[in-house]
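# Overview (structure and organization)
Here's the letter readout for the chains.
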Amino acid sequence: MTPTLGQDKPTARVNARTWSATRVKMIDPYPLQNAETNSMHVFYEHVAQGRLTTTRCKGCNTLAWPPRRFCGECCSDQFDWVDLPNHGRIHGYSIQEAGVPAGLRKPLIFAVVEVAGLRMFTTLVEADPQAVAVGKPVRFTPMAVTDGPGGAKRFLPAFTLA
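A brief report on the enclosed structure follows. (Residues numbered from 1 in each chain as written. Predicted model: local features only at pLDDT ≥ 70, side-chain atom pairs only at ≥ 80, totals over all residues. Heavy atoms only, no water.)

## Here's the deal with the sheet that holds strand 5 (residues 79-83)
Test applied: Paired strands are those between which DSSP finds at least two bridges. Helix numbers and strand numbers start at the N terminus; a helix is a DSSP run of H or I with at least 4 residues, a strand a run of E with at least 2.
Read across the sheet, three strands follow the order 4-3-5 without closing on themselves; strand pairing throughout is antiparallel. Of all strands in the sheet, those bounded by a partner on one side alone are strand 4 (63-64) and strand 5. Taken together, the two bridges between strand 3 (residues 53-57) and strand 4 define a ladder with antiparallel strand orientation. Residue pairing across strands places Thr-55 opposite Ala-64, the latter belonging to strand 4.

This is the structure:
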């Protein structure tokens, strides 16, 4: 019996066996955000609630970005979740006008935003590219992205001009 993954699909010959292949979306750039697949799922839950958080090491008190399960300074795996301010300043940015993937708004504005001494690579949303400048104040906003498996809502941290 030949194993099949789908019905009425084109077949291909692989290692002298015939396999039927189902076409699937090959690239999902967004992380799965549940406890079964992501040990940092709490971060995404906080983002969905409108909270910008990260981890602080219980051993040496180091604040980490992005949030981590272990401390890069002392290697401890003991940490607390801490809320960060919902505002910061643009440290650097890039505006992408060409090659924007289908389904995304043009232009894409990527920025390094400084919040509480941490620098975050993020997206600026609902921003006029002409108004973006180094040093400008920004505010945290959860950005809804493609739903996950089973229709689970997913969010990533983003910023808007303040």
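## Some words on the pairing of strand 8 (residues 118-124)
Both faces of the sheet carry side chains from a regular strand, because those side chains alternate between them. What counts is decided by this rule: Here the term buried applies to any residue with accessible area under 20% of the maximum for its type, exposed to any over 50%, and partly exposed to those in between, with areas from a 1.4 Å probe on protein chains only.
The buried fraction of strand 8 is high, at five of seven residues. The sheet contact formed by strand 7 (residues 108-115) and strand 8 spans seven bridges and is antiparallel. The residue bridging Val-112 from the neighbouring strand is Phe-121, located in strand 8.

## Description of a nonpolar patch on the surface
Applicable threshold: What makes a patch is a set of residues exposed beyond 30% relative accessible area and free of salt bridges, joined within 9 Å when like-charged and within 5 Å when nonpolar (Val, Leu, Ile, Met, Phe, Trp, Tyr). All accessible-area figures derive from a Shrake-Rupley calculation using a 1.4 Å probe, and residue coverage is judged against the displayed protein chains alone. Any Lys or Arg side-chain nitrogen located within 4 Å of an Asp or Glu carboxyl oxygen qualifies as a salt bridge.
A cluster of nonpolar side chains, Tyr-93, Ile-95 and Val-134, forms an exposed patch at the surface whose accessible area comes to about 260 Å². The exposed category is assigned to Val-134, whose relative accessible area is 55%.

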